[in-house]
Every structure is written in C-alpha cells, then in structure tokens.
Amino acid sequence: MGPFVTNAWYVAGWGTEVASGPLARTICGDPIVFFRGESGSLAALADRCVHRRYPLSLGLVKGDTIECGYHGFTYDCSGMCVSVPGQSKFPSTARVKSYPVVEQGPWIWVWIGDPDKASSTEVPKHPWLYDVGWRWIGNHASINCRSGLLVDNLMDLSHESYLHAGYIGTPEVAQTPIDSSIDDKAGIVRVNRHMHNVECPPFYSKSSGISGRIDRWQDIEYRPPCLYVLHSRIAPTGVLPNSDGSDPDAIHMKILYGVTPETENSTWNFYAVARDFSLSDDWVSEFLTEMQDAVVKQDVDALNVLEKVIASESGQVQELSIKIDTGGLVARNVLKKMRER
Ligand SMILES: [Fe+2]
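Residues numbered from 1 in each chain as written. Predicted model: local features only at pLDDT ≥ 70, side-chain atom pairs only at ≥ 80, totals over all residues. Heavy atoms only, no water.

### A closer look at the coordination of the iron ion
- Every protein donor of the iron ion is accounted for by His159 (NE2), His164 (NE2), Asp299 (OD) and Asp299 (OD), and the metal-donor separations fall at 2.0 to 2.3 Å.
- Around the iron ion, the four donor atoms sit at angles spanning 57 to 144°, and that spread fits a shape best called irregular.
- Look at where the donors of the iron ion fall in the sequence and you get H-x4-H-x134-D. Of the two residues examined, His159 and His164, each falls in the buried class. (Donors = N, O, S within 2.8 Å, 3.2 Å for Na, K, Ca; no water. Tetrahedral: all angles 85-135°; square planar, octahedral: opposite > 155°, others 65-115°. Buried < 20%, exposed > 50% of the residue type's maximum accessible area, 1.4 Å probe, protein only.)

Here it is as structure tokens:
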C-alpha cells in the first residue's frame with residue numbers, strides 16, 4: 001500500500017499563485033512546477049530538467065514554454081523539450097512528466113496518478129467559489145503533519161469548543177451528539193450536528209449581525225481524499241427552512257478545505273469561507289479572513305505538536321475513540337481502502 005491516494009484530484013494552489021511566474025510545489029511527494037503560458041494555458045510538469053535535474057521552477061516562462069534557468073533546455077506545456085541550446089537535434093526522450101491540471105474557480109487542481117483515469121473523473125464540485133450569490137475569502141497553510149491528522153481534525157468538530165473557544169467554538173458544540181453516514185455511491189462521508197437554542201460565537205454573530213440564541217447546523221460533506229465542505233447554517237432559534245428549500249431568515253457559510261498531502265509527514269491546507277450574506281461588505285470579508293486565518297493557525301499549531309508526538313512514539317500506543325469519532329473513523333477507513341486500490 002502506497003502512502004498516498006494518487007488517482008484523485010487534489011487542490012494544488014490558487015490561480016493567482018501562477019500570475020507572475022512559475023510556482024514550485026510538492027504534491028504527494030512529487031516536486032511539480034506549475035506555470036501559466038502567455039496564451040493562458042496552465043501546465044504542471046515535473047520540476048526537474050532532464051539534463052542536470054535543475055528545478056524548472058527556477059527558470060523563465062517564455063510564450064507557452066518554460067526555459068530551464070541552468071542550461072536553457074526549454075519545454076512546452078506537455079513536458080516535451082522543444083529546444084536545446086547549440087544543437088538542433090536531440091533525443092525524443094528529452095521530456096519531463098506532465099500532470100493533468102484543471103483550473104476551476106480560484107483553485108488549481110492536479111492529478112498525480114494514472115493520467116488516463118483523470119479524464120474520466122470530474123473535479124469535485126465546489127460552486128460556492130465560482131457561482132453568483134456567494135462571496136468567499138481564502139488562504140492556505142502548510143502543516144508539518146501527515147494528511148490523516150488534518151482529516152481527523154476536520155471530521156470531529158467537537159474540538160472547536162476547546163481549541164477554538166472565542167472564535168467558532170462554544171461549549172455546546174462538543175456537547176451535541178452527531179450523526180454520521182457514508183454514501184458509497186457518491187463517495188461522500190457525512191457528519192451532521194444540529195444544535196438548538198445555543199450561543200452564537202463571534203465568527204457568526206459579528207459577521208452577520210445575528211444576536212441572541214440561535215439554531216446552528218454543521219453538516220459536513222467529505223469527498224476523500226481532498227475536498228471537505230462544512231455547510232454551516234445559522235438561524236434565530238426555531239426558524240426552519242421553507243418546504244421549497246428556501247431559507248431567507250438564515251445565513252449560510254460554506255467552509256471548504258482542500259486537504260493535499262505534500263509529503264508523508266507534511267500537508268497543504270487550502271481553505272476558503274464562502275457566505276451568502278453581506279456580499280458587498282468588504283469589512284465582513286476582512287473580518288472573516290482575520291478570524292479564519294487565526295482558527296487555522298490554532299489547528300496548524302496543534303497538528304504540528306501532534307505529529308511530533310506520534311513520530312516520537314515506538315510500538316503500540318493506546319488510542320481511544322468515542323462516539324464523536326464515528327465520522328473520522330469512517331473517513332480513515334475510506335482513505336485506507338482508496339490507498340489499497
Ligand atoms: Fe479546528
């Protein structure tokens with residue numbers, strides 16, 4: 001069993017990161033250079049020149065090609081070497097691996113495994129980052145931990161009550177039981193927690209202006225291995241959505257995470273918070289950016305500690321799971337099966 005699920009789409013970065021030159025990023029252990037050619041085409045190539053292994057990401061984008069900054073070998077977006085200084089003929093083996101790459105909304109997605117399988121697999125939908133009616137903020141963080149620890153963290157939000165108190169956590173989160181389920185056909189793990197008549201944490205009260213007691217729904221949809229969406233609904237206590245699905249008295253946020261392994265012991269966390277209210281209020285975006293960056297930093301700090309603890313242990317250690325872990329355990333199991341396949 002390999003350490004990574006490779007036949008899957010992973011968030012690799014933001015389109016804005018390739019605006020002014022090549023981007024070097026390691027995904028699932030592979031060093032990759034991402035660049036946008038002058039025609040707008042996006043490429044993802046192995047970040048090593050075939051000649052002397054110099055990283056192509058240190059070179060220059062010229063037209064729709066990238067030129068190695070060491071000896072000038074030049075590659076097109078498919079990874080084929082198209083020119084070598086000083087000789088017109090060179091072996092056809094002068095090419096580097098190219099990876100399927102797709103840009104959807106603000107995110108760049110990459111496929112590490114069998115390229116033939118990429119064409120028949122859709123990038124998981126995340127319309128809140130590109131549809132009208134939503135406004136989002138986002139950023140990314142690198143964590144010195146295995147990706148499974150970030151999945152554990154996101155599937156069990158009871159930690160909000162402790163690690164994120166004063167931001168998104170209130171005591172009721174950990175106190176409210178969850179339902180978890182798996183939709184094998186759609187490949188989705190779900191965890192639902194519906195809190196009734198609870199305190200509204202600052203993340204939601206300050207951004208939306210809602211005051212007083214609320215009903216707070218947390219509906220997680222995780223599409224292993226990469227895309228995690230928390231559907232967050234906040235409404236005055238007792239207010240339910242209409243029978244036609246409209247829900248005008250509630251506010252909704254979609255908290256998205258792209259969980260992307262960098263190496264076996266480090267992980268990229270691409271995150272975004274989309275909202276369906278106060279769309280023209282810049283200060284709400286600024287406030288949510290500040291809050292979400294702080295919340296993610298709390299998780300990053302905790303997971304960095306946890307990875308060190310786990311890496312320092314040898315032999316069997318006890319790990320006790322309780323009811324709130326059911327969603328996380330299902331996710332672990334799905335990921336294990338995907339790795340075995
Ligand atoms: Fe957290």
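Having put the structure on the table, let's press on.
### What about the layout of surface pockets?
- Its volume calculated, the largest pocket comes out at about 1400 Å³.
- Around the largest pocket, the lining is made up of 44 residues, and of these Gly148, Leu149, Asp152, Glu319 and Arg332 lie nearest the centre.
- Looking at the lining of the largest pocket, the elements that each hand over two or more residues are helix H2 (147-155), strand S16 (251-263), helix H6 (282-312) and helix H7 (326-340).
- The biggest single contributor to the lining of the largest pocket is H7, with seven residues.
- Considered class by class, the residues forming the lining of the largest pocket number 24 nonpolar, 10 polar and 10 charged.
- For the second largest pocket, the calculated volume is near 800 Å³.
- Considering the residues around the second largest pocket, the lining is formed by 31 residues, among which Asn7, Pro224, Pro225, Met338 and Arg341 are closest to the centre.
- Listing elements by their share of the lining of the second largest pocket, those giving two or more residues are strand S13 (188-198) and H7. (1 Å grid on protein atoms, 1.4 Å probe; cavity = no way out; pocket = protein on both sides within 12 Å on 5 of 7 lines; lining within 4 Å. Points joined across faces, edges and corners; volume = space filled by probe spheres on them. Helix = DSSP H or I, 4+ residues; strand = E, 2+ residues; numbered from the N terminus. Nonpolar A, V, L, I, M, F, W, Y, C, P; charged D, E, K, R; others polar.)

### Thoughts on the domain arrangement of the protein chain
- Split by domain assignment, the protein chain resolves into domain 1 (9-118) and domain 2 (131-340).
- Taking the mean C-alpha position of each, domain 1 and domain 2 sit 33 Å from one another.
- In this complex, domain 1 contributes 15 residues to the contact, which on the side of domain 2 involves 19 residues.
- Summed over both sides, the interface of domain 1 with domain 2 buries roughly 1200 Å², with 73% coming from carbon and sulfur.
- It is Tyr10, Trp14 and Trp107 that lose the most area in domain 1 upon contact with domain 2, and together they represent 44% of the buried surface on that side.
- The tally of links between domain 1 and domain 2 comes to zero salt bridges.
- Across the contact surface, domain 1 and domain 2 share seven residue pairs in polar contact (both at pLDDT 80 or more).
- Listing elements by their share of the side of domain 1 that touches domain 2, those giving two or more residues are strand S1 (9-14), strand S2 (23-27) and strand S10 (107-111).
- The leading source of residues in the side of domain 1 that touches domain 2 is S1, at six residues.
- Residue composition of the side of domain 1 that touches domain 2, by class: 10 nonpolar, three polar and two charged. (Domains from an automatic or database assignment. Contact = heavy atoms within 4.5 Å. Buried area = accessible area lost by both parts, 1.4 Å probe. Salt bridge = Lys/Arg side-chain N within 4 Å of Asp/Glu carboxyl O. Polar contact = N/O pair within 3.5 Å; in protein donor to acceptor, adjacent residues only side chain to side chain.)

### A few points about unusual backbone geometry
- Residue Pro225 is bonded to the preceding Pro224 through a cis peptide linkage, with omega at 5°.
- Along the polypeptide, Pro225 turns up in the loop between strand S14 (214-223) and strand S15 (227-236).
- The phi angle at Arg53 is positive, at roughly 70°, despite the residue not being glycine.
- Looking at the element boundaries, Arg53 is found in the loop between strand S4 (42-46) and strand S5 (60-62).
- Unusually for a residue other than glycine, Ser278 sits at a positive phi of about 45°.
- Classification of Ser278 by relative accessible area gives partly exposed; the value is 28%.

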